[in-house]
Amino acid sequence: MMLDLYVRADAWYHRFDPRTKFGLTLLFVVAAALIRNPLAMFALLALLHILPLSSRVPPARLLAAWRPLWPITLVILVLGSFTWGAGAASVWWRWGQVSVGPASVLQAVTMALRVDALAFAFSLLLWTTEQGELVAGLTRLGLPHSASLTLAMSMQFVPTFGRIFGEIMEAQESRGLVIPRNPLRAARAYLPVLIPLIITALRTVDHLAMALAARGYGAASRRTSRRQLRMRRADALALAGGTVVLLVVLLARGL
Amino acid sequence: MTPPLVSVQELWFRYDDGPPALRGVSLEIRRGEWVAVLGCNGSGKSTLVKHFNGLLKPWRGRVLVEGVDTRRRQVGEWARLIAYLPQHPDRIIFSASVWEEVAFAPRLQGVSGAELERRVNAALEALGLRDAADVPPAALGYGLRRKVALAAVLAQEPALLILDEPTNGLDAGSARDFLEVVAQRHRQGTAVVLITHDLELAAQYAGRAVLMQAGEIAADGPARAVLGDAALLRKAGLEPLPVTHTAHALREAGLAGLPADLLLPEEFAEAYVRAAAGGGEVGQ
Ligand SMILES: Nc1ncnc2c1ncn2[C@@H]1O[C@H](COP(=O)(O)OP(=O)(O)O)[C@@H](O)[C@H]1O
Ligand SMILES: [Mg+2]
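Note that this is a predicted model, so its numbers are computed, not measured.

1. Thoughts on the environment of leucine 113 of chain A
Residues and elements named next belong to chain A.
Item 1. Mapping leucine 113 onto the fold places it in helix α4 (residues 102–128).
Item 2. Measuring from C-alpha to C-alpha, the distance between leucine 113 and leucine 77 comes to 9.3 Å, with 36 residues separating the pair along the chain.
Item 3. With residues up to four places along the chain from it excluded, the contact list for leucine 113 reads Pro38, Met41, Phe42 and Leu45.

In structure tokens:
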């Protein structure tokens, strides 16, 4: 199926109950939201590379995730490095109200890595969980089936947009677009790439809604399910272990 | 002698850690040619043409554009020589008006003023888009967006225009209209590389055909010879043109004087009338 990011494998992370994987994803998201130190954020991002690799997700998939991610990372780095107003004590460069200093740059690095970590936290979930399992898991957590399906499907669009991003890049480069090395200019040069991506996203949402309606989605009042979920001991261990590690790290280091 | 526009030498390519998608492909594209690239899905057609302007770089072997290795320049630097039309117009469209969209590529080449006006207006004229010049292209219907995309690459005024399955999803009439615009540019000297599944369109427009099969070139020669070789096409997973079948069956049935290289219905009709009327006898 075109929308599928799932990597079929009988590997350790794959075998967790989908609810466990939701729980772990939530832990990663919380960690990404709370961590303020760029080194710690980097470590989290590294962990989110090691986990999928050790569960037989091919390196090519990780690279594919980076392709649309790095221009976004770049834009955040550039825009985030500027501070507006009087700003910090130590400043490298100032132009009127705008300044760049070590504090703002570190903050921008953390912010960029945070976005990367969030993207990888969700990618890990999607690489290791079938769409049917995602829907079943979300439904069992109490979400209405329609909402579960919508959520699972929109998450599955991530790889599609990665591919489309690559195609847009190819098209615009063929028209003569050269992404400059200067990151300030690079951020602007990405406009002819990001705008078609947004337009395509809007069109896709439209088509998806029509396709679901055409298949009679929303017509039946009660849905049948044929999927059984079971929590095993490994699931409990992973969730408990993950929570403890997160708490210890956050509390001990005051990150 | 001037070097060929594109020279592909012993090209091997693989995506990431997959199997080779191209296995030792060699060919040249010369100025002013019209080359059809044929082959079934996954045979490596797109992978091959994306090497012509450096969108993909060889794993082994090399690709030269006017004698310069594509690895030595960025993709954008080949835009004045080579244009590539993606199948989907929405990969291109981003500007606030059709005029601006078409002007984007020439502007990047440093074209401005009267020359810019000339290029953009010529491209809009060719596709009948003069009245839509101020409309936001994203708001147009699919058929018109395809025209805008073609206008945008025509305005590049390249020496080589690469079209990757441009007529997919178009009805026969629109496909022909679309290729007529390309043919008009071809008559002015632009070389064309056309990837297509439609053997009839290939027969109609291309002078040369390259047949791909599992990452290799199965045949490369005059379009008539390649398109008329039923055995070769079948081996590469393509269904020969109906005319080829019919003419073959008629010859088997004993109709003498029917040429072997008929491809298009009009040619067939003419040859059939001649063969059936003059001398040729339909057997029992
Ligand atoms: N982006 C890609 N990543 C990995 N494999 C690819 C990619 N694009 C194409 N391929 C593979 O390379 C081979 C050739 O593909 P392609 O050049 O697109 O064929 P065609 O254009 O003739 O249909 C196929 O086996 C296809 O699965
Ligand atoms: Mg293709």
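Text resumes after the structure shown.
2. So, the site of ligand 1
All names here are of chain B.
Item 1. Every residue lining ligand 1 is accounted for by Tyr15, Ala21, Cys40, Asn41, Gly42, Ser43, Gly44, Lys45, Ser46 and Thr47.
Item 2. Between ligand 1 and serine 43, the relevant distance is 3.2 Å, taken from an oxygen atom to a main-chain nitrogen or oxygen of the residue.
Item 3. Serine 46 is positioned with one of its side-chain polar atoms (N or O) 2.8 Å from an oxygen atom of ligand 1.
Item 4. If ligand 1 stood free it would expose 560 Å²; the protein chains cover 55% of that surface.
Item 5. With three residues, the single largest contributor to the shell around ligand 1 is helix α1 (residues 45–49).
Item 6. Here the shell around ligand 1 is composed, by residue class, of three nonpolar, six polar and one charged.

3. Observations concerning the packing of aromatic side chains
Item 1. In total, this model carries ten aromatic pairs over all chains according to the counting rule given.
Item 2. Between the aromatic rings of tryptophan 34 of chain B and tyrosine 205 of chain B, the centroid separation amounts to 5.3 Å while the plane-to-plane angle is 20 degrees, which identifies the pairing as stacked. Of this pair, tryptophan 34 of chain B sits in strand β3 (residues 34–38) while tyrosine 205 of chain B is found in helix α6 (residues 199–205), placing the two residues 171 residues apart along the sequence. Each member of the pair, tryptophan 34 of chain B as well as tyrosine 205 of chain B, carries the same accessibility label: buried.
Item 3. Each member of the aromatic cluster is reached from another via a ring pair, and the members are Trp12, Tyr13 and Phe16 of chain A.
Item 4. Lying across the ring of tryptophan 59 of chain B, arginine 14 of chain B places its NZ or CZ 4.8 Å from the centre.
Item 5. One residue, arginine 60 of chain B, lies across the ring of tryptophan 59 of chain B, its end atom 4.7 Å from the ring centre.

4. Details of the interface of chain B and chain A
Item 1. Listed by partner, the interface residues are 26 residues for chain B and 20 residues for chain A.
Item 2. Taking both partners together, chain B and chain A bury about 2000 Å²; carbon and sulfur atoms supply 56% of that area.
Item 3. On the chain B side of the contact with chain A, Arg91, Phe94 and Phe104 of chain B bury the most area, a combined 31% of that side's loss.
Item 4. Summed over the shared surface of chain B and chain A, the number is three salt bridges.
Item 5. Between lysine 50 of chain B and glutamate 170 of chain A there is a salt bridge, and its shortest N-O distance comes to 3.1 Å.
Item 6. Taken together, the connections running from chain B to chain A amount to seven residue pairs in polar contact (both at pLDDT 80 or more).

5. So, the pairing of strand β2 (residues 20–29) of chain B
Residue and element names in this part refer to chain B.
Item 1. Alignment of strand β1 (residues 6–14) against β2, held across seven bridges, turns out to be antiparallel. Opposite serine 7, over in β2, you have glutamate 28 as the bridge partner.
Item 2. Hairpin connection between β1 and β2: a loop of five residues separates the two successive antiparallel strands, and aspartate 16 in this loop has a positive phi of roughly 45 degrees.

Conventions adopted
Residues numbered from 1 in each chain as written. Chains lettered and ligands numbered in written order. Predicted model: local features only at pLDDT ≥ 70, side-chain atom pairs only at ≥ 80, totals over all residues. Heavy atoms only, no water. Helix = DSSP H or I, 4+ residues; strand = E, 2+ residues; numbered from the N terminus. Contact = heavy atoms within 4.5 Å. Near = heavy atom within 4 Å. Polar contact = N/O pair within 3.5 Å; in protein donor to acceptor, adjacent residues only side chain to side chain. Areas by Shrake-Rupley, 256 points an atom, 1.4 Å probe, with all protein chains shown as cover. Nonpolar A, V, L, I, M, F, W, Y, C, P; charged D, E, K, R; others polar. Phe/Tyr/Trp six-rings, centres within 6.5 Å; stacked < 30°, edge-to-face > 60°. Buried < 20%, exposed > 50% of the residue type's maximum accessible area, 1.4 Å probe, protein only. Lys NZ or Arg CZ within 6 Å of the ring centre and 35° of its normal. Buried area = accessible area lost by both parts, 1.4 Å probe. Salt bridge = Lys/Arg side-chain N within 4 Å of Asp/Glu carboxyl O. Pairing = 2+ DSSP bridges.

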